[in-house]
Amino acid sequence: MTVFLLKSVKIGCFEPNIKMAGKTLFDKVWDAHVVDTVANGPQVLYIDKHLIHEVTSPQAFAELEERGIPVARPDQIVATADHNTPTVDQHLPIKDALSRNQLQKLTENCDKYGITLYDLGHEFNGIVHVIAPELGITQPGMTMVCGDSHTSTHGAFGTIAFGIGTSQVAQVFASQCLLLTKPKKLRVSVNGELKRGVLPKDVILYVISKIGTNAGTGYFCEYAGNVFEEMSMEGRMTVCNMSIEMGARGGMIAPDETTFEYIKGRKFAPKGAEWEQKVKYWKSLPTDADAEFDKEYNFDAADIEPMLTYGTNPGMGMKISGHIPDKNDENLEKSLEYMGFNKGESLIGKPINYVFIGSCTNSRIEDFRIAANYVKGKHKADNVNAWLVPGSQQVAKQLVEEGLDHVFTEAGFTLRQPGCSACLAMNDDKIPRGEYCVSTSNRNFEGRQGQGARTILASPLMAAATAVEGKIVDITKNLN
Amino acid sequence: MEKFTKLIGTAVPLPVENIDTDQIIPARFLKATDKKGFGNNVFQDWRFNKDGSKNEDFVLNNDAYSGPILVAGNNFGCGSSREHAAWALGGYGFKVVVSSFFADIFKGNALNNGILPLQVTPDYLKNLLQTIKENPKTEITVDLEKQVITSAVGEQSFDIDPYKKVCMINGYDDIDYLLSKKETIESFERERKMAV
């Protein structure tokens with residue numbers, strides 16, 4: 001410490017005006033995990049928690065096997081089956097042979113290396129980005145990775161969390177580290193008062209529609225401003241989840257009392273003296289007032305409305321009161337042809353036959369409470385298939401405890417079992433060709449929800465209203 | 001990993017922006033537990049029509065265009081982290097993807113599989129796409145050591161992380177490097193435990 005002080009004083013003498021800029025939340029967490037730096041190259045970053053699932057892990061395990069490398073830290077890995085699982089009859093053997101084999105491989109690998117697995121049917125099973133927070137595995141100041149781009153979700157806790165490829169999954173297995181070049185820093189601030197009917201999903205869809213799908217590429221994003229400060233953890237997770245849809249590897253929100261309150265008492269949360277110690281550390285993480293970002297965007301909350309997408313990437317979003325852009329652009333035309341929409345039109349009144357409420361973006365209890373609150377006492381339109389897929393067994397259990405399951409079934413909605421489901425349609429939950437689906441998921445890419453399926457991304461409230469009306473409506477006109 | 005130093009070949013032009021990894025390899029093909037066979041399904045839903053017939057308008061079905069280089073629109077590889085996209089492109093025979101911008105995760109996945117994501121300026125890309133369209137036999141030289149792409153459009157230098165360049169040229173991967181750092185990693189873990 002003495003040496004450090006002397007050094008500081010010395011620098012101060014020579015350069016009286018130079019002051020060390022403060023650190024961002026991202027800097028603080030990143031710097032605390034740098035093990036080593038390759039000369040002229042990337043850094044070796046230590047990974048605290050590694051989440052795995054059945055789809056992107058088998059080839060990584062195979063790689064270790066071929067090279068005779070053991071798993072370095074099995075106790076820092078948690079596995080779940082979610083992407084390729086059925087959402088009905090989970091107690092029965094999986095019908096599809098390839099899917100069954102993939103799950104079998106996950107079980108074998110976890111058994112072999114001593115990795116905790118929350119397999120299908122386990123009380124903690126569910127979508128990887130829903131279960132880790134709800135079990136208290138996700139904590140501020142950590143580094144977390146998973147072979148899934150929506151790992152950015154965990155950034156809601158002030159965690160550096162990002163998606164990785166399967167080669168990197170193998171690297172973390174082998175060394176508990178990754179070789180990475182530190183990303184640049186981006187801050188998105190939203191301040192002001194949100195209008196009624198505007199949910200966290202609308203906020204992030206609005207931001208992406210404004211800055212585009214690659215504005216965040218090469219950056220780690222921090223969300224700041226009173227809008228995020230006032231959000232619940234569920235809302236913050238929805239926002240951070242979609243960071244990757246603007247290209248950012250991850251998005252973070254400063255940990256605060258809301259964060260601590262959420263974590264406290266959860267299964268793997270620190271307890272007793274360790275809790276006190278951790279909270280003290282977590283409180284030191286928020287970005288310093290004099291810290292600098294490489295890029296900043298500021299938005300006025302009052303400008304945000306319930307949002308919808310009209311195209312084939314999440315940046316092609318518009319306000320419910322808006323119209324599809326009318327401009328000459330080949331990519332826009334290609335998207336609109338796929339979607340069956342026209343330039344300049346409004347989406348209000350468009351008949352919709354499918355509604356999906358689920359995915360790692362919007363399948364937490366709060367999302368279902370919002371939808372149930374709207375649906376209560378109403379019934380879905382005859383033309384609509386409304387699928388509700390809770391993010392985890394815990395969420396499914398809570399739905400029942402709160403009586404929301406009755407609200408939905410009475411309204412004609414179909415409540416299914418947990419999993420990624422129709423977000424990526426790896427299982428049988430596919431939207432038929434040509435059909436529109438108002439979906440609370442995160443991607444409206446061509447064929448994402450099934451070959452030829454047309455996805456319209458929206459909030460759980462917009463999705464619920466669509467199911468009831470059988471068409472797209474301006475939700476702000478239906479709110480009391 | 002296969003070594004990559006220099007490549008001379010023709011290219012396939014795909015002038016679509018924001019090509020996401022769901023297009024490169026749709027999710028329904030991700031059920032395999034090995035890395036084989038993904039090349040057969042690359043761009044599956046663009047290669048085939050609704051009725052299962054070949055989409056003759058799609059460039060991969062046009063015999064005039066072939067080669068180990070894919071030249072694609074801006075923001076290539078966005079979306080899902082699935083490395084299956086890199087396996088599919090590699091399995092099909094692509095060794096280089098040229099674009100004016102790459103999504104982060106795809107870029108890393110490509111490099112980890114010996115596929116070079118080569119970023120050129122938007123103007124160079126536009127001219128290259130046009131040139132290949134007009135003359136499918138346009139020859140492109142990619143020199144990784146010199147970090148230069150040469151074609152009828154001209155010569156342009158490109159960036160690559162110096163560490164990744166060494167890996168590509170020598171066929172090394174990150175696991176080799178990380179395992180060589182085992183002791184440093186363990187001492188980091190010990191120091192952290194003491195700090196808590």
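Above this note sits the structure.
Source: prediction; values computed, not measured.

A. Expanded view of the overall build of chain A. When its secondary structure is counted, chain A shows 16 helices and 19 strands. Over its C-alpha trace chain A gives a radius of gyration of 23 Å, about what one expects of a compact globule, namely 23 Å for 480 residues. Principal-axis analysis of the C-alpha atoms places the extent of chain A at approximately 75 × 55 × 45 Å. Here chain A, with 480 residues, has 63% of them falling under the buried criterion. Working note: accessible area of chain A is about 17800 Å², and carbon and sulfur atoms make up 50% of it. Taking the 49 positively charged and 58 negatively charged side chains of chain A as two groups, their mean positions are separated by 2 Å.

B. Fine view of the overall build of chain B. Per the secondary structure count, chain B includes eight helices and eight strands. Summarising its shape, the C-alpha atoms of chain B cover approximately 65 × 40 × 25 Å along the three principal directions. Here chain B holds 196 residues, and 56% of them are scored as buried. When the 23 basic and 27 acidic side-chain charges of chain B are each reduced to a single mean position, those positions are 3 Å apart.

C. How the structure looks around the nonpolar core. Within the largest apolar cluster, 108 residues are counted, with the highest numbers of intra-cluster contacts made by F43, F76, L89 and L116 of chain B. Among the elements that line this core, the one with the most residues is helix 16 (residues 460-469) of chain A, at seven residues. Discounting residues that sit within four places of it in the chain, F43 of chain B has contacts with L14, I19, Q23, I24, F58, L60, L70, F76 and L89 of chain B. Counting residues in hydrophobic clusters, the runner-up holds 78 residues, among them L64, V207, I211 and C240 of chain A.

D. Here's a closer look at the environment of G447 of chain A. All names here are of chain A. With respect to the element layout, G447 can be found in the loop between strand 18 (436-439) and strand 19 (454-457). For the pair G447 and G434, spaced 13 residues apart in sequence, the C-alpha separation works out to 9.8 Å. Non-local contacts of G447, meaning those with residues more than four positions away in its chain, are made with Y338, G452 and A453.

E. Representation of the environment of I105 of chain B. Locating I105 of chain B in the fold gives a position in helix 4 (residues 104-111). As for I105 of chain B and G77 of chain B, which are separated by 28 residues in sequence, their C-alpha atoms are 7.9 Å apart. Each residue touching I105 of chain B, except ones within four places of it in the same chain, is listed here: S149, G163, I164, G165, I244 and R249 of chain A together with S81 of chain B.

F. Helix 4 (residues 97-113) of chain A, seen in detail. Residues and elements named next belong to chain A. Compared with an ideal rise of 1.5 Å per residue, which puts 17 residues at 24 Å, helix 4 spans 24 Å between its outermost C-alpha atoms and is within 8% of the ideal. S99, Q102, L103, L106, N109, C110 and Y113 are the residues of helix 4 that are buried. Each buried residue of helix 4 lies within a common arc of 125° when the element is viewed along its axis, so the set occupies one face. Its buried side turned inward, helix 4 meets strand 3 (49-52), helix 3 (58-67), strand 4 (77-80) and strand 5 (116-118). For helix 4, the N-terminal capping position is held by D96, with its side-chain oxygen 3.3 Å away from the main-chain nitrogen of L98. Immediately downstream of helix 4, the backbone of G114 shows phi near 70°, a positive value.

G. Seen up close, the sheet that holds strand 18 of chain A. Residue and element names in this part refer to chain A. Ordered in space as 17-16-15-18-19, the five strands form an open sheet in which the pairing is parallel. The sheet is open, and its two edges are formed by strand 17 (414-415) and strand 19, each paired on a single side. Relative to strand 17, strand 16 (residues 385-388) runs parallel, the two being bridged by two bridges. Along strand 17, the bridge assignment pairs W387 with T414. Those strands touched by helix 16 are strand 15 (354-357), strand 16 and strand 18, and its axis lies near 150° from that of strand 15.

H. Structural context of the pairing of strand 16 of chain A. All names here are of chain A. Both strand 15 and strand 16 contribute to a ladder of four bridges, which runs parallel. Each bridged residue has a counterpart across the sheet, and for V355 the counterpart in strand 16 is A386. Traced from strand 15 through helix 13 (residues 365-375) to strand 16, the parallel crossover comes out right-handed.

I. Spatial organisation of the interface of chain A and chain B. Every contact between the two is made by 65 residues of chain A and, on the other side, 53 residues of chain B. When chain A packs against chain B, close to 4800 Å² is buried across both sides, 55% of that on carbon and sulfur atoms. Counting every contact that joins chain A to chain B gives eight salt bridges. For R448 of chain A, the salt bridge is made with D22 of chain B, and the minimal N-O distance between the two is 2.8 Å. Inspection of the region where chain A meets chain B yields 29 residue pairs in polar contact (both at pLDDT 80 or more). Those elements that place two or more of their residues in the side of chain A that touches chain B are strand 1 (34-37), strand 2 (43-46), helix 3, helix 4, helix 6 (166-175), strand 8 (177-180) and helix 12 (330-339) of chain A. Considering every element that reaches the side of chain A that touches chain B, the biggest residue donor is helix 6 of chain A, with seven residues. Looking at side-chain class alone, the side of chain A that touches chain B contains 22 nonpolar, 29 polar and 14 charged residues.

J. View of the packing of helix 13 of chain A against helix 14 (residues 393-401) of chain A. All names here are of chain A. Packing of helix 13 against helix 14 leaves a shortest axis separation of 10 Å and a crossing angle of 35°. For the pair helix 13 and helix 14, the crossing hand works out as right-handed. Side by side, helix 13 and helix 14 meet where I365, F368 and R369 of the first sit next to V395, Q398 and L399 of the second. Residues of the contact of helix 13 with helix 14, tallied by class, amount to four nonpolar, one polar and one charged.

K. Broad picture of the pattern of salt bridges. Residue and element names in this part refer to chain A. Taken as a whole and assessed by the stated rule, the structure comprises 33 salt bridges over all chains. Between E274 and K278 there is a salt bridge, with its nearest N and O atoms 3.1 Å apart. Of this pair, E274 and K278 both sit in helix 11 (residues 272-282), four residues apart, which is roughly one turn of the helix. One salt-bridge network, held together by shared partners, links K23, D27, D31, K182 and K185.

L. Structural detail: the sheet that holds strand 8 (residues 154-157) of chain B. Residue and element names in this part refer to chain B. If you trace the four strands from one edge of the open sheet to the other, you get 1-6-7-8, paired in antiparallel fashion. Because the sheet does not close on itself, it has two edges, and the strands there are strand 1 (6-9) and strand 8. Each neighbouring strand pair of the sheet contributes to a mean axis angle of 10°, computed without reference to strand direction. The sheet strands contacting helix 5 (residues 122-134) are strand 6 (140-143), strand 7 (148-151) and strand 8, and the helix crosses strand 7 at an angle near 40°.

M. Helix 6 of chain A, seen in detail. Residue and element names in this part refer to chain A. In terms of burial, helix 6 is a largely internal element, ten of the ten residues being buried. Within helix 6, the full set of buried residues consists of T166, S167, Q168, V169, A170, Q171, V172, F173, A174 and S175. Positioned one or two residues after helix 6, Q176 has a phi angle of 60°, which is positive.

N. Just the packing of aromatic side chains, in detail. Residues and elements named next belong to chain A. This structure, assessed with the given rule, holds 26 aromatic pairs over all chains. Arranged with centres 5.4 Å apart and planes meeting at 65°, the rings of F157 and Y262 form a pair that is edge-to-face. Here Y262 lies in helix 10 (residues 257-263) and F157 lies in the loop between strand 6 (143-146) and strand 7 (160-163), a separation of 105 residues in the sequence. The same class applies to F157 and to Y262, which are both buried. Ring geometry for Y354 against W387: centres 5.9 Å apart, planes inclined by 75°, an arrangement best described as edge-to-face. Here the residue Y354 occupies a position in strand 15, and W387 occupies one in strand 16, the gap between them amounting to 33 residues. Neither residue differs from the other here; Y354 and W387 are each classed as buried. Put simply, the rings of F26, W30, F162 and F220 pair up and form one aromatic cluster. One residue, R266, lies across the ring of Y262, its end atom 3.8 Å from the ring centre.

About the criteria used
By convention here, each chain's residues receive numbers from 1 onward along its written sequence. By the order in which they are written, chains take letters starting at A while ligands take numbers starting at 1. Local features are withheld for residues below a pLDDT of 70 in this predicted model, meaning they are given only at 70 or higher, and side-chain atom pairs are given and counted only at 80 or more; totals for whole chains, interfaces and linings count all residues. Working from all heavy atoms in the structure, the side-chain values ignore hydrogens and water. Secondary structure elements are taken from DSSP: a helix is a run of H or I of four residues or more, a strand is a run of E of two residues or more, and numbering for both begins at the N terminus. Every radius of gyration here is taken over C-alpha atoms, with the globule rule written as 2.2 Å times N^0.38, N being the number of residues. Note on classification: 1.4 Å probe, protein chains only; a residue is buried when its accessible area is under 20% of the maximum for its type, exposed when over 50%, partly exposed between these limits. In this description, accessible areas are obtained by the Shrake-Rupley approach with a 1.4 Å probe, and a residue is regarded as covered only by the protein chains that are shown. His is not counted here, nor are the chain ends, while Lys and Arg score as positive and Asp and Glu score as negative. By convention, the charge on Lys lies at NZ, on Arg at CZ, on Asp at CG and on Glu at CD. The criterion is simple. A nonpolar core is a set of buried Ala, Val, Leu, Ile, Met, Phe, Trp, Tyr and Cys residues joined through side-chain atoms within 4.5 Å. Here a residue-residue contact requires only that any non-hydrogen atoms of the pair lie within 4.5 Å. The length a helix should cover is 1.5 Å for every residue beyond the first. Think of it as the arc spanned by the lines of direction from the helix axis to the C-beta atoms. Each polar contact in these results corresponds to two N or O atoms within 3.5 Å; when the atoms are within protein, one needs to be able to donate a hydrogen and the other to accept it, and residues that are neighboring in sequence are counted only if both atoms are side-chain atoms. When DSSP locates at least two bridges between a pair of strands, those strands are taken to pair. Inter-axis angles, ranging from 0 to 180 degrees, are taken between N-to-C directions of lines fitted to C-alpha atoms, where helices are fitted over the stretch in contact. For a crossover, the right-handed case is the one in which the path from the first strand over the helix to the second runs clockwise, viewed with the strands pointing away from the viewer. Using a 1.4 Å probe, buried area is obtained as the accessible area two parts lose upon being combined, added over both of them. Salt bridges, as used here, are contacts in which a Lys or Arg side-chain nitrogen is within 4 Å of a carboxyl oxygen on Asp or Glu. Side-chain classes follow a simple rule in which Ala, Val, Leu, Ile, Met, Phe, Trp, Tyr, Cys and Pro form the nonpolar group, Asp, Glu, Lys and Arg form the charged group, and the remainder, Gly included, forms the polar group. Rotating anticlockwise by less than a right angle from the far helix to the near helix defines a left-handed crossing, while the corresponding clockwise rotation defines a right-handed one. Only Phe, Tyr and Trp rings are paired, with Trp represented by its six-membered ring, and only when their centres lie within 6.5 Å; those with planes under 30 degrees apart are stacked, over 60 edge-to-face, the remainder tilted. Should the NZ of a Lys or the CZ of an Arg lie within 6 Å of a ring centre and within 35 degrees of the ring normal, that charge is described as sitting over the ring.

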